[in-house]
Amino acid sequence: MEAFLNNLPKLAKDKHKDNKTFFTKLKKKPPKQLDYIMQELHEEEFKKTDCLTCANCCKTTGPLFTDKDIQRIAKHFKQKPQQFIDSYLRLDEDNDYVLQSVPCTFLGADNYCSIYDVRPKACAEFPHTNRKKFQQISNLTLKNVAICPAAFNIVEKMKALIK
Ligand code: SF4
Ligand code: SF4
């Protein structure tokens, strides 16, 4: 996994043009069974990908925290939402709450998330490859393939499958 992770930014860069062309075409004419295809590809990939040997998403990029996330996690820490915000979050250029720093402060040395049961929705859904209408998040996916080995593999399989 480590060698793949080290190589991933370069691999993703090499595929970027191809991927962009593929997603532009996909957006124009998504196959009827795209939701089903993505579900299958996602499940197949995550059967063999062990996120605990990776955690690259938690190490290199953080989630957006919605109001609901903040309320839920603050409650978990028995804090007021504002206290939680002051301790861990900042507003980004789009006015969304994000982590003050990465790797995520809730990530343990063993790659376990210390707030797993109450983690942000964006963490639970990352890399969003089983999302319905997957073609709508192609810009995000173009970025995620450089971070997430599973997303990279899924997009490669999509390209082979959907012509
Ligand atoms: S979701 Fe992707 S980047 Fe995150 S730990 Fe799993 S394989 Fe790694
Ligand atoms: S909250 Fe948990 S799952 Fe989300 S980035 Fe931090 S360690 Fe990873």
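You'll find the structure just up there.
Residues numbered from 1 in each chain as written. Chains lettered and ligands numbered in written order. Predicted model: local features only at pLDDT ≥ 70, side-chain atom pairs only at ≥ 80, totals over all residues. Heavy atoms only, no water.

Trainee: Explanation requested: the overall build of the chain in the structure shown.
Mentor: Each helix and strand in the chain was counted, giving 8 helices and 2 strands. Listed by position from the N terminus, the elements making up the chain come as α-α-α-α-α-β-β-α-α-α. In terms of principal-axis extent, the alpha carbons of the chain reach across some 50 × 35 × 30 Å. Taking all 163 residues of the chain together, 36% fall into the buried category. In the chain, the proportion of contacts linking residues at least 24 apart, taken out of those at least 6 apart, comes to 70%. (Helix = DSSP H or I, 4+ residues; strand = E, 2+ residues; numbered from the N terminus. Buried < 20%, exposed > 50% of the residue type's maximum accessible area, 1.4 Å probe, protein only. Contact = heavy atoms within 4.5 Å.)

Trainee: Looking at this structure, how should I read the site of ligand 2?
Mentor: Taken together, the residues surrounding ligand 2 are Cys 58, Pro 63, Cys 104, Phe 106, Leu 107, Cys 113, Ile 115, Pro 120 and Cys 123. Partitioning the shell around ligand 2 into residue classes produces 9 nonpolar, no polar and no charged. (Near = heavy atom within 4 Å. Nonpolar A, V, L, I, M, F, W, Y, C, P; charged D, E, K, R; others polar.)

Trainee: Hey, could you run me through helix H1 (residues 2-28) in this one?
Mentor: For an α-helix, 3.6 residues make a turn, and residues three or four places apart therefore share a direction. With 27 residues, H1 should reach 39 Å at 1.5 Å per residue; the first-to-last C-alpha distance of 36 Å fits that figure. The sharpest bend along H1 comes to roughly 50°, located at His 16. Burial in H1 covers these residues: Leu 5, Leu 8, Ala 12, Asn 19, Phe 22, Phe 23 and Leu 26. (Expected span 1.5 Å × (residues − 1). Bend = angle between axes of the 7 residues up to and from the residue.)

Take it as geometry only, folks, not as evidence of what the structure does.
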